[in-house]
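# Inside the fold
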Amino acid sequence: MINATPDPNFKPSFKTLQIIHIALLMGQILFCFVAFLNVDKEGVMHFNSNLTSNVLYVVCITLVILGNTTNYFISNKFLNQVKNGNNLKTKFHQYQVSMIIRYAIIEGANLFTIVVFMLTGNTLMLYIAIAVIGIMGLLRPRRTHFTDLAELTSEEMREFESI
């Protein structure tokens, strides 16, 4: 279970969560770009067996679908716990942890997709990776998303707006 008690020195910073999101997103974009350039210039590592490639495709697509589906349910479970926090620090800490878990699940599946593209050269894997990057881009942290979930009191709302 997630530790809902933040460090006493923890200061809620929405900017930190936005930077984490952008860093994870840019890492995937750069890896995808490097993979595309590497496969384009130096060729592709071809497997001797089509069976291996087919297994990788099935595993990759299954991982992306299950990752996004599981991500939805897991993150919603954690995001619903945000409103149970005692104060703004606890609520924001819970929100931050749940969003980072959400991003990690998506990124893990997408990195595997990019590696499969590098190994097989199948551009469908590249298109799937680009689509997942787009989905992750849409899941950026928003102040309104947090305030709606956390059900902030008027005092907490004033404190949050000053951050």
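### Quick word on the nonpolar core
If you look at the biggest cluster of nonpolar residues, it comprises 34 residues, and the most contacted ones within it are Tyr 95, Met 125, Phe 146 and Phe 160. When contributions to this core are tallied by element, the ones reaching two or more residues are α1 (14-42), α2 (50-80), α3 (88-120), α4 (123-138) and α5 (143-150). The leading source of residues in this core is α3, at ten residues. Not counting residues within four places of it along the chain, the set of residues in contact with Phe 160 comprises Phe 14, Leu 88, Phe 92, Arg 143, Phe 146, Thr 147 and Leu 152.

### Examining the packing of aromatic side chains
Working definition: an aromatic ring pair is given by the centre-to-centre distance plus the angle between the planes. On inspection of all chains with the given rule, the structure shows nine aromatic pairs. Between the aromatic rings of Phe 14 and Phe 92, the centroid separation amounts to 5.9 Å while the plane-to-plane angle is 50°, which identifies the pairing as tilted. Here Phe 14 is found in helix α1, whereas its partner Phe 92 is found in helix α3, with 78 residues between them in sequence. On the basis of relative accessibility, which here comes to 3%, the residue Phe 14 falls in the buried class. Residue Phe 92 is classed as buried on the basis of its relative accessible area, which comes to 1%. Among the aromatic residues, those joined into a ring-pair cluster are Phe 14, Phe 92, Tyr 95, Phe 146 and Phe 160. The ring of Phe 160 carries the charged tip of Arg 143 above its face, separated from the ring centre by 4.8 Å.

### Here's the deal with the confidence of the model for the protein
Overall, the predicted model of the protein reaches an average pLDDT of 83, with 85% of residues at or above 70. Averaged pLDDT values over the elements of the protein bottom out at 82 in helix α6 (residues 154-161) and peak at 92 in α4.

### A short note on the side chain of Ser 98
Mapped onto the elements of the fold, Ser 98 is located in helix α3. Residue classification places Ser 98 among the buried positions, given a relative accessible area of 0%. Engagement of the side chain of Ser 98 in a polar contact is seen with the backbone oxygen of Tyr 95, the distance being 2.8 Å. With residues near it in sequence (within four places) discarded, Ser 98 still touches Phe 78 and Leu 79.

### Things to note about the packing of α3 against α6
It is at 10 Å that the axes of α3 and α6 come closest, and there the two elements cross at 65°. Here Leu 88, Lys 91 and Phe 92 of α3 come into contact with α6, specifically with Glu 156, Glu 159 and Phe 160.

### Digging into α5
Every buried residue of α5 is listed here: Phe 146, Thr 147, Leu 149 and Ala 150. Each buried residue of α5 sits inside an arc of 165° when the element is viewed along its axis, so together they form one side. Away from its buried face, by an angle of more than 90 degrees, α5 presents the exposed residues Thr 144 and Asp 148. Two residues or fewer past α5, Glu 151 is found with a positive phi of approximately 50°.

What counts, and at which threshold
Residues numbered from 1 in each chain as written. Predicted model: local features only at pLDDT ≥ 70, side-chain atom pairs only at ≥ 80, totals over all residues. Heavy atoms only, no water. Core = buried A, V, L, I, M, F, W, Y, C linked by side-chain atoms within 4.5 Å. Buried < 20%, exposed > 50% of the residue type's maximum accessible area, 1.4 Å probe, protein only. Helix = DSSP H or I, 4+ residues; strand = E, 2+ residues; numbered from the N terminus. Contact = heavy atoms within 4.5 Å. Phe/Tyr/Trp six-rings, centres within 6.5 Å; stacked < 30°, edge-to-face > 60°. Lys NZ or Arg CZ within 6 Å of the ring centre and 35° of its normal. pLDDT = per-residue confidence, 0-100. Polar contact = N/O pair within 3.5 Å; in protein donor to acceptor, adjacent residues only side chain to side chain. Axes fitted to C-alpha atoms, helices over the stretch in contact; angles between N-to-C directions. Arc of directions from axis to C-beta.

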